[in-house]
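A closer look at the structure
Here are the chains, one letter per residue:
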Amino acid sequence: MITPAPPPPKPLPAVQPPTAPSGFCLDALSIHVVDAELMGAVQAGVDLLTPYFGCQKFRIDGTGLPVKFGPVTPLLNARVLGYAHSTPASYEIWINPDCWGVVGEWSSVVAHELGHYLGWQHGDDHPYMWLAAPPGSYAQPSDFAIVCY
Ligand SMILES: [Zn+2]
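Structure report, in brief.

**Let's talk about the sheet that holds strand β2 (residues 56-60)**
- With mixed pairing, the five strands of this open sheet are ordered in space as β2-β1-β3-β5-β4. The two strands at the open ends of the sheet, each matched to only one other strand, are β2 and β4 (82-86). Direction aside, neighbouring strands of the sheet carry axes that sit 30° apart on average.
- Where strand β3 (residues 65-69) and strand β5 (residues 91-95) come together, three bridges link them in parallel fashion. Of the residues in β5, the one forming a bridge with K68 is W94.
- Contacts from helix α3 (residues 107-117) reach β2, β3, β4 and β5 within the one sheet, and its direction differs from that of β4 by about 20°.

**Some points on the pairing of β3**
- Pairing between strand β1 (residues 24-33) and β3: three bridges, direction parallel. Paired with I31 across the bridge in β3 is L65.

**What to know about helix α1 (residues 39-53)**
- Helix length check: α1, at 15 residues, gives a terminal C-alpha distance of 21 Å against a target of 21 Å (1.5 Å per residue), a fit within 8%.
- Regarding α1, the residues found buried are A41, V42, G45, V46 and L49. End-on, the buried residues of α1 take up no more than an arc of 135°, which puts them together on one face. In this structure, α1 carries M39, G40 and P51 as exposed residues pointing more than 90 degrees from its buried face.

Analysis parameters
- Residues numbered from 1 in each chain as written.
- Predicted model: local features only at pLDDT ≥ 70, side-chain atom pairs only at ≥ 80, totals over all residues.
- Pairing = 2+ DSSP bridges.
- Helix = DSSP H or I, 4+ residues; strand = E, 2+ residues; numbered from the N terminus.
- Axes fitted to C-alpha atoms, helices over the stretch in contact; angles between N-to-C directions.
- Contact = placed C-beta atoms within 7 Å.
- Expected span 1.5 Å × (residues − 1).
- Buried ≥ 20, exposed ≤ 12 C-beta atoms within 10 Å, placed from the backbone.
- Arc of directions from axis to C-beta.

Below, the structure is given as structure tokens:
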């Protein structure tokens, strides 16, 4: 029986690999998480976009862009997961409260809606603008909206 020689130990790197960027971008945008229950999902969504910018593009500081459970109206209809609600006077991100307990993973949904806030469009080259349906949801065949079960 031949025992292979153990691989030589790797030399210690002279320079430590860069840690994940945690600082805020100089032009970071403020977010107001209106419903405290959403805090974790919003921070996770911000974190998903951080590698793209190389810094945190959004700062959750209780001012600026509201992220909240939206009113389930024709705009936020029929179990659509989220909505970037824009009027000339305001911009809000709505999460469908009817889907909150059904969908298992919200960070990519938040990242997608934050992308809309940045002016990104479906299917452009920005991250999360082609959104795979997270667990508990599916792409509705008629209009490809992502809806919860
Ligand atoms: Zn969208």
